[in-house]
Amino acid sequence: MDVAVNDYENFEPRKDTLFFKVGTHGLISFHGRNYNIKKRMSVEQRNQLLKDPSFFRVSSDCYVNVDKITDISDDNLYFGDRSAGSKRIPVSKRKQQQIKQRMLERKGQTVPV
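Residues numbered from 1 in each chain as written. Predicted model: local features only at pLDDT ≥ 70, side-chain atom pairs only at ≥ 80, totals over all residues. Heavy atoms only, no water.

Q: Explain the overall build of the protein to me, please; I cannot follow it from the model alone.
A: Each helix and strand counted, the protein has three helices and eight strands in total. Put simply, the protein has 113 residues, and 35% of those count as buried. In the protein, 43% of the contacts between residues at least 6 apart in sequence involve partners at least 24 apart. Just so you have it, the protein exposes about 7200 Å², and 47% of that area is on carbon and sulfur atoms. (Helix = DSSP H or I, 4+ residues; strand = E, 2+ residues; numbered from the N terminus. Buried < 20%, exposed > 50% of the residue type's maximum accessible area, 1.4 Å probe, protein only. Contact = heavy atoms within 4.5 Å. Areas by Shrake-Rupley, 256 points an atom, 1.4 Å probe, with all protein chains shown as cover.)

Here is the structure:
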């Protein structure tokens, strides 16, 4: 998704955001395939976003869109192909397992015990 300047006000973070980082004073940095947008959000908006089941917390300030992850390997989450230009985020083995479970749950598959 290419976000033009005039579309900034109509930006919908849940649709195309790969991951976002929470900053101070309500500033959120959204990262997509072709964009990085910083946007101030109210406390209510931020709390609603943090509760969205599409997003999973991987660190104290970073949340990933589980539906947009294409691969988990080499202690990284990949969004898109694994080329040098693709976006990726390093994660611990424990978080990797939790994300894999969440991905299975979101696809409606049973999770092995």
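Once you've had a look at it, read on.
Q: So what exactly am I meant to see when it comes to the environment of Pro53 here?
A: Considering the arrangement of structural elements, one finds Pro53 in the loop between helix 2 (43–51) and strand 4 (55–57). Between the alpha carbons of Pro53 and Asn65 there is a distance of 8.8 Å; along the sequence they are 12 residues apart. Discounting residues that sit within four places of it in the chain, Pro53 has contacts with Arg102 and Arg106.

Q: Is there a simple way to explain the sheet that holds strand 6 (residues 71–73) in this structure?
A: Read from one edge to the other, the open sheet built from three strands follows the order 6-7-8, with strand pairing classed as antiparallel. Of all the strands in the sheet, just strand 6 and strand 8 (87–90) have a single pairing partner and so form its edges. Going from strand to strand, the sheet's axes swing by 20 degrees on average, the running direction of each strand aside. On the sheet, helix 3 (residues 93–106) packs against strand 6 and strand 7 (76–79) and is oriented at approximately 155 degrees with respect to strand 6. (Pairing = 2+ DSSP bridges. Axes fitted to C-alpha atoms, helices over the stretch in contact; angles between N-to-C directions.)

Q: Is there a simple way to explain helix 3 in this structure?
A: It helps to recall that an α-helix has 3.6 residues per turn; residues three or four apart then point in one direction. Relative to the 20 Å expected for 14 residues at 1.5 Å per residue, helix 3 spans 20 Å between its end C-alpha atoms, a close match to the ideal helical length. Here helix 3 has its buried residues at Gln96, Ile99 and Met103. The buried residues of helix 3 occupy an angular sector of 65 degrees when projected down its axis, which confines them to one face. Buried-residue contacts for helix 3 involve strand 4, strand 5 (62–65), strand 6 and strand 7. Residue Gly108 follows helix 3 closely and has a positive phi angle near 85 degrees. (Expected span 1.5 Å × (residues − 1). Arc of directions from axis to C-beta.)

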